[in-house]
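Structural characterization, general
Now for the letters of each chain:
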Amino acid sequence: MIGCQSKTEKTNEVEETVENNMEIQAVKVGQWEGKDVFKYSLDNGFMEVEMTNFGGIISKILVPDKNGNLENVVLSLDSIPQYFTGNGPYLGAAVGRYANRISKGSFMLDGEKVEVTKNIGENHLHGGRKGFGVKVWDQAEPYDSENGVGVKMHYLSVDGEEGFPGNLDTWLYMELTSDNEIKVRFESTTDKKTVVNLTNHSYFNLGGIKRDVKDHEVQIMADAYTEVDNQSIPTGELINVEGTPFDFRTPKNLGEQMEAKGGGFDHNYATKRENSSELLEIAKVKHPESGRIMEVFSTAPGVQFYTSNGMRDFKGAEGKVYQPFWAFCLEPQAWPDSPNHSNFPSAALEPGEKYVHEIVFKFEVEK
């Protein structure tokens, strides 16, 4: 696409860019807390993605099945404004400042105790009561890349927000490529030492959200997971998956693994033992009936595998009522509660450093 002519049309509410077969459209859909909220629709001729600068949410992903039927493969709501007050499960959201849990809502940082919001019992979850997934991200604008189109947006989390130290300045880039990839990239800097752990919290159902996901085949490229207590807080121990229902190193039927385990999954898999910028394939999921396949890549050291165990009677889009196990999440991230475990890869960020987390969701269809 390099060197191709692009076309841009602007009105007060719509901006559209078309280049080759790539298209992006932005429409203002409302306001929240005095800030404009936009819906962005991205289309590469094979699949379509909808996202918004409210919460950095990916609100729809439309992918064809092996017969060419285009269906949404993420749990969603009917309209963007419904997310303002109705997104308790973090559907599709950018979560932070710290995704997952922090035990007792506290940790030590350079010898000083930091106390953050306790919003799940005595613990901290996904950034607190008003994390990144319910904020209007500013400076949002579409962009063209070498082989795709995307939206970039910005959020400044001020010093002390939800208890976290430092002004955390974050840019979020979300892009659809001609290779049927959804690329998500977070870039953050701080003016005071802090911790940061950002991810996307999409709930996937490659069957088009007609029933549960037990008929999916799941592969997770990790040989260990972080052991947790009865509050889903890591004990500090790594458990080898070999010989257990947690072993997804080769593709496994999800329903059979859940039956062997005696319930759903909500566990962090160790995809790396230390931090690095290397982008690795960490998971692959196939829905045999539809032929849809999704591969997940990330630079983070872990991925939370969650099978929507807590979803119950949730009114979603198109009149559907979401129930337990109707979706799975693969949330690439730092290991949960890492600020409280010196043997875990660090989630600390110093002034002068840049936090960068890249995630790729790649889709294809097997005929």
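Since the model is a prediction, treat every value here as computed from it, not as a measurement.

Calculation notes
- Residues numbered from 1 in each chain as written.
- Predicted model: local features only at pLDDT ≥ 70, side-chain atom pairs only at ≥ 80, totals over all residues.
- Heavy atoms only, no water.
- Core = buried A, V, L, I, M, F, W, Y, C linked by side-chain atoms within 4.5 Å.
- Buried < 20%, exposed > 50% of the residue type's maximum accessible area, 1.4 Å probe, protein only.
- Contact = heavy atoms within 4.5 Å.
- pLDDT = per-residue confidence, 0-100.
- Helix = DSSP H or I, 4+ residues; strand = E, 2+ residues; numbered from the N terminus.
- Phe/Tyr/Trp six-rings, centres within 6.5 Å; stacked < 30°, edge-to-face > 60°.
- Lys NZ or Arg CZ within 6 Å of the ring centre and 35° of its normal.
- UniProt positions renumbered as here; feature names shortened; annotations may be inferred.
- Salt bridge = Lys/Arg side-chain N within 4 Å of Asp/Glu carboxyl O.
- Polar contact = N/O pair within 3.5 Å; in protein donor to acceptor, adjacent residues only side chain to side chain.
- Arc of directions from axis to C-beta.

The next subject is the nonpolar core. Buried together is how nonpolar side chains tend to be arranged in soluble globular proteins. Membership of the largest hydrophobic core comes to 58 residues, with the highest contact counts inside it found for Ile 61, Ile 182, Ile 220, Tyr 269, Phe 305, Leu 330 and Phe 363. Those residues in contact with Phe 305, other than ones at most four positions away along the chain, are Val 218, Ile 220, Phe 248, Leu 254, Phe 265, Asp 266, His 267, Tyr 269, Phe 328, Cys 329 and Leu 330. Ranked by size, the runner-up nonpolar core spans 23 residues in total, among them Leu 77, Phe 84, Val 95 and Val 136.

Moving on, we get to the confidence of the model for the protein. Scored by pLDDT, the protein has a mean of 94; 95% of the residues are at 70 or more. Within the protein, strand β19 (residues 217-220) carries the highest mean pLDDT (99), whereas strand β1 (residues 7-10) carries the lowest (36). Confidence drops under pLDDT 50 across residues 1-12; counting only partners more than four residues distant or on other chains, this segment forms 24 contacts.

Taken as a whole and judged by the stated rule, the model has 19 aromatic pairs. For the pair Phe 248 and Phe 305, a centre-to-centre distance of 5.6 Å together with 75 degrees between the ring planes defines the contact as edge-to-face. A residue pair is termed long-range when its members are at least 10 positions apart, and Phe 248 in the loop between β21 (234-240) and β22 (252-253) and Phe 305 in strand β26 (residues 302-306) qualify at 57 residues. For the pair formed by Phe 248 and Phe 305, the shared burial category is buried. The cationic tip of Lys 152 hangs over the ring face of Trp 171; the distance from NZ or CZ to the ring centre is 5.7 Å. Residue placement shows Lys 261 over the ring face of Phe 265; its charged tip is 5.5 Å from the ring centre.

So, about the UniProt feature "binding site: beta-D-galactose" (unreviewed entry) in the protein. The feature "binding site: beta-D-galactose" (unreviewed entry), as annotated in UniProt, sits at Asn 100, Arg 101, His 201, Ser 202, Tyr 203 and Asp 266 in this numbering. Locating Asn 100 in the fold gives a position in the loop between β8 (93-95) and β9 (101-102). Filtering out sequence-adjacent residues up to four positions away, Asn 100 remains in contact with His 124, Leu 125, His 126, Gln 304, Gln 333 and Pro 336. Assignment of secondary structure puts Tyr 203 in the loop between β18 (199-201) and β19.

It is worth spelling out the pattern of salt bridges at this point. Under the defined criterion, the tally for this structure stands at 19 salt bridges. A salt bridge links Lys 193 to Asp 110; its shortest N-O distance comes to 2.9 Å. On the criterion of sequence distance, the pair formed by Lys 193 in the loop between β16 (181-190) and β17 (194-195) and Asp 110 in the loop between β10 (106-109) and β11 (112-115) is long-range, its members being 83 residues apart. For Asp 110, a relative accessible area of 61% puts it in the exposed group. The partner of Glu 187 in a salt bridge is Arg 185, and the shortest N-O contact between them spans 2.8 Å. On the accessibility criterion, Arg 185 (27% relative accessible area) is partly exposed. Through salt bridges with shared partners, one network takes in Lys 39, Glu 50 and Lys 60.

As a further point, take the UniProt feature "active site" (unreviewed entry) in the protein. The positions UniProt marks with the feature "active site" (unreviewed entry) are His 201 and Glu 331. These annotated residues cover 131 residues of sequence, but their C-alpha atoms sit close together, with the largest distance between any two at 6.0 Å. Structurally, the position occupied by His 201 is in strand β18. Those residues in contact with His 201 that lie beyond four places of it in its chain are Pro 89, Tyr 90, Leu 91, Gly 92, Ala 93, Val 95, His 126, Cys 329 and Glu 331. The contact partners of Glu 331, leaving out residues within four places of it in the chain, are His 126, Thr 199, Asn 200, His 201, Gly 302, Val 303, Gln 304 and Tyr 306. Polar contacts involving the side chain of Glu 331 include one to the side chain of His 201, which spans 3.4 Å.

Before going further, it helps to examine helix α2 (residues 254-261). Here α2 has its buried residues at Leu 254, Gly 255, Gln 257 and Met 258. Taken end-on, α2 shows its buried residues confined to a sector of 165 degrees, consistent with a single buried face. Exposed positions of α2 whose direction lies more than 90 degrees from the buried face are Glu 256, Glu 259 and Ala 260. Where α2 is buried, its residues touch β19, β22 and β26. Put simply, Asn 253 is the residue that caps the front of α2, since its side-chain oxygen is 3.1 Å from the backbone nitrogen of Gly 255. Downstream of α2 by one or two residues, Gly 262 has phi in the positive range, about 90 degrees.

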